[in-house]
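# Observations on the three-dimensional arrangement
Chain residues, written in single-letter form:
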Amino acid sequence: HMKQVETESVQSFLNCRDDHSIKDFDKFHFSPRSVPYKHMPCYVLKMFGELGFINTWRIKTTTLARFILFVKKGYRDAPYHNWVHAFSVAHFAYLLMVNLNLIKNDYITSLQGLAFLVSCLCHDIDHRGTNNSFQTKCGTVLASLYSSEGSVMERHHLAQSMCILNTDGCNIFESLSSEEYSEVLDLLRNNILSTDLTSHFRMAEQQREMISAGFKKNDPTHRKLLLAMFMTCCDLSDQTKDWRVTKKTAEQIYDEFFSQGDLEKSMGTAPAEMMDRERASIPDLQVQFITNLVLPLFKNLADLFPAAQPLVDTIINNKNVWKHARHLFQEYSQNGTKSMEILL
Ligand SMILES: Cc1nc2ccc(C(=O)NCC(C)C)cc2n2c(-c3cc(OC(C)(C)C)ccc3Cl)nnc12
Ligand SMILES: [Mg+2]
Ligand SMILES: [Zn+2]
């Protein structure tokens, strides 16, 4: 059996060598969700290679390959929070580093870049398709472990990531010096914890000030805020792709949210409106989410990196489609068609 697994895993890293169908893999408009599922591990390896991390940090290819497969296996098949989401978030980190020359123009160091890419890959490991408030409300095991510190799910994602690094033959950081090693784990922790909504709102204000005051490359606090901002941009990167992608993402997200709402109702607690399939209006909720969270964030990014302006334009276009869809939804939902099918 092990033999069969090994050959399968080796095979999953040769797939994309001869895959010449993928064009524009390093462009902002490229949708990582269009990569064939079985080629994704291979493309992760490719991204590490192209960013120079394999050589710079003396990462053994077999170790990296095993690490990637363990991370992939660590994700559950939730409608949205699954391996494909992790792959797409990591791909956007690659796009930022390549298209904004983050390491060349020393906005971040190569070690921070390595931690950034690994953090994106691992940031939602073992997600159960339910959010932090569900953990505390229902007193899950994860809540009993982490609710006193907050960011319950994110602490679990971090703990799972550490477990994989401590698994035989999976420690991609094994060639780092001891100070580099402790720095990269620190970065992993900060990056993954910054993907919690609550910490995002706390940092968003400081990011705003940092940008209007003028970003200082060698200010450690600015560096930390910048990396947190990058993490949230990657987590929301589906919003920067064309309408088909953002519509599909919304379907998956609300599939997950409404399942949580159903679960909460069956447990006798009332779900939030956005989790309640009887009450939620997806276009309204999406216009709010884009207006209050996505746009301000990517406007900050574009203020710092003008090359990111096209991303803001795409987000605005998608927001206008949701606005147009709003009254379409009202019209149709009069006669019961609640589904997303009616959207172009
Ligand atoms: C398309 C899209 N719609 C969403 C609509 C609502 C919400 C939600 O949680 N609203 C609660 C209030 C308090 C804001 C999240 C949504 N969302 C996310 C997302 C982002 C996350 O965290 C960061 C990255 C830090 C923002 C964490 C989890 C998720 Cl699912 N990703 N895509 C989406
Ligand atoms: Mg998350
Ligand atoms: Zn995520």
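Structure shown above.
Overview of the structure. (Residues numbered from 1 in each chain as written. Chains lettered and ligands numbered in written order. Predicted model: local features only at pLDDT ≥ 70, side-chain atom pairs only at ≥ 80, totals over all residues. Heavy atoms only, no water.)

### Focus: the packing of aromatic side chains
Heads up, the rule is: Between rings of Phe, Tyr and Trp, where Trp is taken as its six-membered ring, a pair exists when centres lie within 6.5 Å; planes separated by under 30 degrees are stacked, by over 60 edge-to-face, and by other angles tilted. When accessible area is computed with a 1.4 Å probe and restricted to protein chains, residues below 20% of their type maximum are described as buried, those above 50% as exposed, and intermediate ones as partly exposed. We count a stretch as a helix when DSSP gives it H or I for four or more residues in a row; a strand needs E for two or more, and each element gets its number in order from the N terminus.
Evaluated as defined, the whole model comprises 14 aromatic pairs. When the ring of Tyr75 is compared with that of Trp83, the centres are 6.4 Å apart and the planes differ by 55 degrees; the resulting orientation is tilted. A single burial state applies to Tyr75 and to Trp83, both of which are buried. With a centroid separation of 5.5 Å and an interplanar angle of 85 degrees, the aromatic rings of Tyr254 and Phe257 are classed as edge-to-face. Here Tyr254 and its partner Phe257 are both found in helix α13 (residues 243-266), 3 residues apart, which amounts to about one turn of the helix. Accessibility expressed as a relative area gives 18% for Phe257, which makes it buried. An aromatic cluster of at least three residues, connected via ring pairs, comprises Tyr107, Phe116, Phe215, Phe230 and Phe305.

### Concerning the state of the cysteines
Put simply, the rule is: The disulfide criterion used throughout: a pair of cysteine sulfur atoms within 2.5 Å.
With the rule as written, the count across this model stands at 1 disulfide. A disulfide bridge connects Cys16 with Cys42, and the sulfur atoms are separated by 2.1 Å. Torsion about the S-S bond of the Cys16 and Cys42 cystine: about -70 degrees, corresponding to left-handed handedness. With a gap of 26 residues between them, Cys16 in the loop between α1 (2-11) and α2 (40-50) and Cys42 in helix α2 connect regions that are remote in the sequence.

### Re the pattern of salt bridges
For the record, the criterion: Throughout this description, the term salt bridge denotes a Lys or Arg side-chain nitrogen within 4 Å of a carboxyl oxygen of Asp or Glu.
Under the counting rule described, the total for this entry stands at 14 salt bridges. Note that Asp238 is salt-bridged to Arg33, the shortest N-O span being 3.0 Å. Taken together, the positions of Asp238 in the loop between α12 (220-235) and α13 and Arg33 in the loop between α1 and α2 put the pair 205 residues apart, joining distant regions of the chain. A residue is classified by how much of its surface remains accessible, and Asp238, at 4% relative accessible area, is buried. Here Asp276 ties to Lys265 by a salt bridge, and the two come within 2.7 Å at their closest N and O atoms.

### Remarks on the side chain of Thr246
Our working definition: Pairs of N or O atoms are called polar contacts if they sit within 3.5 Å, as long as, within protein, a hydrogen donor faces a hydrogen acceptor (for residues adjacent in sequence, only side-chain-to-side-chain pairs). Only heavy atoms matter for contacts: two residues are in contact if any of them lie within 4.5 Å across the pair.
Locating Thr246 in the fold gives a position in helix α13. Of the residues examined, Thr246 reaches a relative accessible area of 1% and is grouped as buried. Among the polar contacts made by the side chain of Thr246, one reaches the main-chain carbonyl oxygen of Trp243 at a distance of 2.9 Å. In contact with Thr246, not counting residues within four places along its chain, are Asp238, Gln239, Lys241, Asn318 and Trp322.

### Some words on the packing of helix α5 (residues 83-99) against α12
This is how the line gets drawn: Note on geometry: axes are C-alpha line fits, over the in-contact stretch for helices, and angles between N-to-C directions span 0 to 180 degrees. Here the word oblique covers every angle except those under 35 degrees (roughly parallel), over 145 (roughly antiparallel) and from 65 to 115 (roughly perpendicular). Take the far helix as your reference; a near helix turned counterclockwise from it by less than a right angle gives a left-handed crossing, and one turned clockwise gives a right-handed crossing. Under the convention adopted here, Pro, Cys and the residues Ala, Val, Leu, Ile, Met, Phe, Trp and Tyr are nonpolar, Asp, Glu, Lys and Arg are charged, and Gly plus all remaining residues are polar.
One can describe the packing of α5 onto α12 by two numbers: an axis separation of 8 Å at closest approach and a directional angle of 130 degrees. The pairing of α5 with α12 is recorded here as oblique in orientation. Here α5 runs over α12; the crossing is right-handed. Across the interface between the two elements, His85, Val89, Phe92, Ala93 and Leu96 of α5 pack against Phe230, Cys233, Cys234 and Asp235 of α12. Here the residues of the contact of α5 with α12 sort into 7 nonpolar, 1 polar and 1 charged.

### Points about the coordination of the zinc ion (ligand 3)
Put simply, the rule reads: Coordinating N, O and S atoms are those within 2.8 Å of the metal (3.2 Å for Na, K and Ca), and as water is not part of the atoms, a site may appear to have fewer donors than expected. Between 85 and 135 degrees for all angles marks four donors as tetrahedral; over 155 degrees for opposite donors together with 65 to 115 for all other angles marks four donors as square planar and six as octahedral; every other arrangement is irregular.
At 2.0 to 2.2 Å from the zinc ion (ligand 3) lie its protein donor atoms, namely His85 (NE2), His123 (NE2), Asp124 (OD) and Asp235 (OD). Here the zinc ion (ligand 3) binds 4 donor atoms, and the angle range of 83 to 178 degrees at the metal identifies the geometry as irregular. Mapping the donors of the zinc ion (ligand 3) onto the primary sequence gives the spacing H-x37-H-D-x110-D. For the pair the zinc ion (ligand 3) and the magnesium ion (ligand 2), the metal-to-metal distance amounts to 3.9 Å, and Asp124 bridges them. With respect to class, His123 is no different from Asp124; both count as buried.

### Focus: the site of ligand 1
For clarity, the threshold we go by: A single heavy atom is enough: if one lies within 4 Å of a molecule or strand, its residue is considered near that molecule or strand. The Shrake-Rupley method, run with a 1.4 Å probe sphere, supplies the accessible areas, and residue values consider only the shown protein chains as cover.
Close to ligand 1 lie 16 residues; Leu197, Gln239, Ile253, Gln286 and Phe289 are nearest. In this structure, a nitrogen atom belonging to ligand 1 sits 3.2 Å away from a side-chain N or O atom of Gln286. Relative to its free-state accessible area of 690 Å², ligand 1 is covered by the protein chains to the extent of 81%. Elements supplying a minimum of two residues to the shell around ligand 1: α11 (197-213), α12, α13 and α14 (282-304). When grouped by side-chain class, the residues that make up the shell around ligand 1 number 9 nonpolar, 6 polar and 1 charged.

Structural measurements only, silent on function.
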